[in-house]
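Residue-level structure breakdown
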Amino acid sequence: MIGSRIVAVGHYQPARVLTNEDLAGMVDTSDEWITSRVGIRTRHIAGPDEPVDELAAHAAAKALAAAGRTPAEIDLVLVATSTAIDRSPNMAARVAARLGMPGPAVMDINVVCAGFTHALATADHAVRAGGASRVLVIGADKMSDVADWTDRTTCVLVGDGAGAAVVEACAPGAEAGIGPVLWGSVPEMGHAVRIEGTPPRFAQEGQSVYRWAATQLPVVARQACEKAGLAPEDLAAVVLHQANLRIIEPLARRLGAVNAVVARDVTESGNTSAASIPLAFSKLVEQGSVTAGDPVLLFGFGGNLSYAGQVVRCP
């Protein structure tokens, strides 16, 4: 089977920036309280006239431009999101319509914070199986729509945004640019991260998630490297789900990626759920922190207490 690779990435964030000082005027909190507990200083918040598919389409357009591809060349669109308001048309179909695509397959994937890495694996599998040759993979979430803005333990975490990648089949005989996925879940702990109710609201059991991430995920992340045939010290960068700096930094250390750049976009973007990994990865590429061909671990975790990770080669 022919492997796949990421040929370009792109990202988008709404213009409005909400600071910790702004939040201190809304709920009983402070900049010191937020930064000491989660490391977040700012987050971007979309307006009422900026739906999830608009955020996704902006990021997708940037990735397509970077790849030198037109929307008509895409035959599969995958959107990872957990904040779509409507059930149909799905976000992938709406993105395809916004970009003027003539008729791709369209699919949404809801694995919350691990959505993008699940979608990237799905794209890789589709290419390997011959079901697609060029895939647009997007992570997009508007967490401000599901936030409880009276709950200081959760509203300080969330932000809005989108990130995208163009995935293509490798040339025959070329090394694959997307490594094997390592994925799974802990179903009996799925209640620890929730978006439930009418209207839906984001809630979590923070200490349970923290303990699970700190104790279980370093082993799983190392297994993702092993599947790619790499040691953690071979990684050029590590892009973990941008949930909390107190989770990201210890997890990167315990992984043993001593030579890697560690994405810390959470400080300026907050937790953007499925958008967080492609958003942070795209920024590393844009800033020149990684170069073409570098091995990068992408590792998502969170909602459903699910996880998925793979080593990719930087476009």
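Preceding this section is the structure that the text describes.
Notes on the structure follow. Worth saying up front: this structure is predicted, and the values here are computed from it rather than measured.

To continue, consider unusual backbone geometry. Between Ser-88 and the following residue, Pro-89, the backbone shows a cis peptide bond with an omega angle of -5°. Structurally, Pro-89 can be placed in the loop between strand E4 (76-80) and helix H4 (91-99). Note the cis peptide between Thr-198 and Pro-199, where omega equals 0°. Phi is positive for Ser-273, close to 55°, though the residue is something other than glycine. Tracing the sequence through the fold places Ser-273 in the loop between helix H8 (266-269) and helix H9 (276-287).

Here we take up the packing of helix H3 (residues 52-67) against H4. It is at 9 Å that the axes of H3 and H4 come closest, and there the two elements cross at 55°. In terms of orientation, H3 and H4 fall into the oblique class. Relative to H4, the crossing made by H3 is right-handed. Within the contact between the two elements, H3 uses Val-52, Asp-53, Glu-54, Ala-56, Ala-57, Ala-60, Ala-61 and Leu-64 and H4 uses Met-91, Arg-94, Val-95, Arg-98 and Leu-99. Here the contact of H3 with H4 is built from residues that sort into nine nonpolar, no polar and four charged.

This next bit is on helix H7 (residues 245-255). Among all positions of H7, only Leu-245, Ile-247, Ile-248, Pro-250, Leu-251, Ala-252 and Leu-255 are buried. For H7, the elements touching its buried residues are helix H6 (206-227), strand E11 (237-240), strand E12 (261-262), H8 and strand E13 (295-302). Among the residues of H7, the N-terminal cap falls to Asn-244, whose side-chain oxygen and the backbone nitrogen of Arg-246 are separated by 2.7 Å. Of the residues flanking the end of H7, it is Gly-256, one or two places downstream, whose phi is positive at about 90°.

This paragraph deals with the sheet that holds E12. Think of a sheet as strands paired side by side through backbone hydrogen bonds, with each pair either parallel or antiparallel. Here five strands make up an open sheet; going across it, the order is E8-E14-E13-E11-E12 and the pairing mixed. Strands at the two margins of the open sheet, each flanked by one partner only, are strand E8 (182-185) and E12. Looking at chain direction, E11 and E12 are connected through two bridges and run parallel. Each bridged residue has a counterpart across the sheet, and for Ala-237 the counterpart in E12 is Val-261. Packed onto the sheet, H6 meets E8, E13 and strand E14 (306-313) and runs at close to 145° relative to E13. Contacts from H7 reach E11, E12 and E13, with the element oriented near 135° to E11.

All right, on to the packing of aromatic side chains then. Per the counting criterion, the structure on display carries one aromatic pair. On the numbers, 6.4 Å between centres and 40° between planes, the contact of Phe-299 with Phe-301 is tilted. Taking relative accessible area as the criterion, Phe-299 reaches 0% and is therefore assigned buried. The ring of Tyr-210 carries the charged tip of Arg-246 above its face, separated from the ring centre by 5.3 Å.

Let us now look at the sheet that holds strand E5 (residues 105-109). Read across the open sheet, the five strands follow the order E1-E7-E6-E4-E5; overall the sheet is mixed. Each edge of the open sheet is held by one strand with a lone partner, namely strand E1 (4-12) and E5. Ignoring which end each strand starts from, the neighbouring axes of this sheet average 20° apart. Bridge count between E4 and E5: five bridges; the pairing is parallel. Considered in E5, the bridge of Val-79 is made with Asp-108.

For H3, which comprises 16 residues, the first-to-last C-alpha distance of 23 Å matches the rise-based estimate of 22 Å (1.5 Å per residue) to within 8%. What H3 keeps buried is the set Val-52, Asp-53, Leu-55, Ala-56, Ala-57, Ala-59, Ala-60, Ala-63 and Leu-64. If you follow the buried residues of H3, they end up packed against E1, H4, strand E6 (134-142) and strand E7 (160-169).

Rules behind the numbers
- Residues numbered from 1 in each chain as written.
- Predicted model: local features only at pLDDT ≥ 70, side-chain atom pairs only at ≥ 80, totals over all residues.
- Heavy atoms only, no water.
- Helix = DSSP H or I, 4+ residues; strand = E, 2+ residues; numbered from the N terminus.
- Axes fitted to C-alpha atoms, helices over the stretch in contact; angles between N-to-C directions.
- Parallel < 35°, antiparallel > 145°, perpendicular 65-115°, else oblique.
- Left-handed = near helix turned anticlockwise from the far one by under 90°.
- Contact = heavy atoms within 4.5 Å.
- Nonpolar A, V, L, I, M, F, W, Y, C, P; charged D, E, K, R; others polar.
- Buried < 20%, exposed > 50% of the residue type's maximum accessible area, 1.4 Å probe, protein only.
- Polar contact = N/O pair within 3.5 Å; in protein donor to acceptor, adjacent residues only side chain to side chain.
- Pairing = 2+ DSSP bridges.
- Phe/Tyr/Trp six-rings, centres within 6.5 Å; stacked < 30°, edge-to-face > 60°.
- Lys NZ or Arg CZ within 6 Å of the ring centre and 35° of its normal.
- Expected span 1.5 Å × (residues − 1).

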